[in-house]
Amino acid sequence: MNIENTFAEIRARIAQAKSITVLTGAGISADSGVPTFRGAEGLWKNFRPEELASPEAFERDPMLVWQWYNWRRELLATKSPNPGHHALAELEQRAKNFWLITQNVDGLHAAAGIQKLSEIHGNIWKVRCTSCRIVTDNHDVPIEILPYCPSCQGLLRPHIVWFGESLNPEDLRNSYDALQSCEILIIIGTSGAVYPAASFGSVAKDHGAYVIELNLDPTPNSDLVDVAIQGRAKDLVPRLLS
Ligand code: BJW
Ligand code: ZN
């Protein structure tokens, strides 16, 4: 089938579907100029994300980890949603039932107006007290290093899920509900390297969903999905809408 016919079939399925779930990763924000994690530009001072995004790294050197987050805050403060983010917000409006699961912490889906959203890896614009656990919004660019809790003087950390940490149970519940009940799952711009999100495609498939992947390159998900289309999210996602 040529690509035009493939998109025509996808649009017809979307128009009929009672429920649509979307899973996004760094690839959708790449088109807003945000570096992906496993791309060359995701490196900061030659550290791989795995070396900084862990509770052990923060315990060892909170200043280094906060410096990495300040670099990213400075970059993200200049970025805005792209046509891919906006098309998903439009899809949310059109769909009968919709849920967006994002691994991205950049807040760009919310900035595009998405409401039914689980940010399963947290949000870079929130901080959490390591002592009293209170979560607060913080848009400081740069944030003062080291930041301390105004209520209890505990050290603040990014409200982000690092390697080895559990995802928020409510986010997980909402995500699995959406994966197990959707007629269509659209997976956009994720390498499928990080669990549990890496297994979300097969969860939806096992529950009978029609699964679509949009990514610049093939991924481990490409073999299990019903249709895998290669290209940029900013070009492909708007084509899901007629
Ligand atoms: C484009 C594009 C364009 C580019 N258009 N596309 C089961 C098996 C093995 C290990 C585990 C397991 N279960 C849990 C684990 C351990 C671990 C894990 O998954 N490890 C793997 C490395 C194997 N998982 C966890 O620890 C998770 N916790 C958990 O499961 O708790 C319970 C538990 C713990 C331990 C053991 C067992 C159970 C927590 C994971 C938290 C991940 N957090 C991070 C870092 C946050 C830091 C921060 O942001 O500040 O979240 S990791 C990093 O990767 C970030 C991302 O959200 C995540 C996913 O990356 P993503 O989005 O896929 O980006 P990339 O860069 O990898 O890919 C970009 C894609 O876009 C590519 O495919 C490009 O082709 C594409 N692309 N431009 C379209 N324009
Ligand atoms: Zn506190």
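So, here is what we can say about the structure in this document. (Residues numbered from 1 in each chain as written. Chains lettered and ligands numbered in written order. Predicted model: local features only at pLDDT ≥ 70, side-chain atom pairs only at ≥ 80, totals over all residues. Heavy atoms only, no water.)

It is worth spelling out the site of ligand 1 at this point. Taken together, 36 residues form the shell around ligand 1, and within it Tyr69, Arg72, Ser191, Tyr195 and Asn215 come nearest. Within the contact set of ligand 1, an oxygen atom lies 2.6 Å away from a side-chain nitrogen or oxygen of Asn215. Expressed as a share of its isolated accessible area of 1,500 Å², the protein-covered part of ligand 1 is 77%. A molecule is said to occupy a pocket when more than half its atoms come within 2 Å of that pocket's grid points, and by this definition ligand 1 occupies the largest pocket. Of all the secondary structure elements, the ones that give two or more residues to the shell around ligand 1 are α2 (26-30) and α5 (62-76). Among the residues making up the shell around ligand 1, the classes are represented as 18 nonpolar, twelve polar and six charged. In terms of domain composition, the shell around ligand 1 takes at least three residues from each of domain 1 (3-34 + 81-121 + 167-239) and domain 2 (40-78 + 123-160). (Near = heavy atom within 4 Å. Polar contact = N/O pair within 3.5 Å; in protein donor to acceptor, adjacent residues only side chain to side chain. Areas by Shrake-Rupley, 256 points an atom, 1.4 Å probe, with all protein chains shown as cover. 1 Å grid on protein atoms, 1.4 Å probe; cavity = no way out; pocket = protein on both sides within 12 Å on 5 of 7 lines; lining within 4 Å. Sits in = over half its atoms within 2 Å of the grid points. Helix = DSSP H or I, 4+ residues; strand = E, 2+ residues; numbered from the N terminus. Nonpolar A, V, L, I, M, F, W, Y, C, P; charged D, E, K, R; others polar. Domains from an automatic or database assignment.)

This part takes up the environment of Leu146. As for its placement among the helices and strands, Leu146 is situated in the loop between β5 (135-137) and β6 (156-160). Along the sequence, Leu146 and Gln67 sit 79 residues apart, while their C-alpha atoms lie 9.4 Å from each other. Not counting residues within four places of it along the chain, the set of residues in contact with Leu146 comprises Pro62, Met63, Trp66 and Leu155. (Contact = heavy atoms within 4.5 Å.)

Read across the open sheet, the three strands follow the order β5-β4-β6; overall the sheet is antiparallel. Whereas interior strands pair on both sides, the edge strands pair on one side only; in this sheet they are β5 and β6. Averaged over all pairs of adjacent strands, the angle between their axes in this sheet comes to 45 degrees, without regard to strand direction. Bridging between strand β4 (residues 122-129) and β6 involves five bridges; their strand directions are antiparallel. The partner of Val127 across the bridge, within β6, is Pro158. The strands touched by α5 are β4 and β6; relative to β4, the strand with the most contacts, the crossing angle is about 140 degrees. (Pairing = 2+ DSSP bridges. Axes fitted to C-alpha atoms, helices over the stretch in contact; angles between N-to-C directions.)

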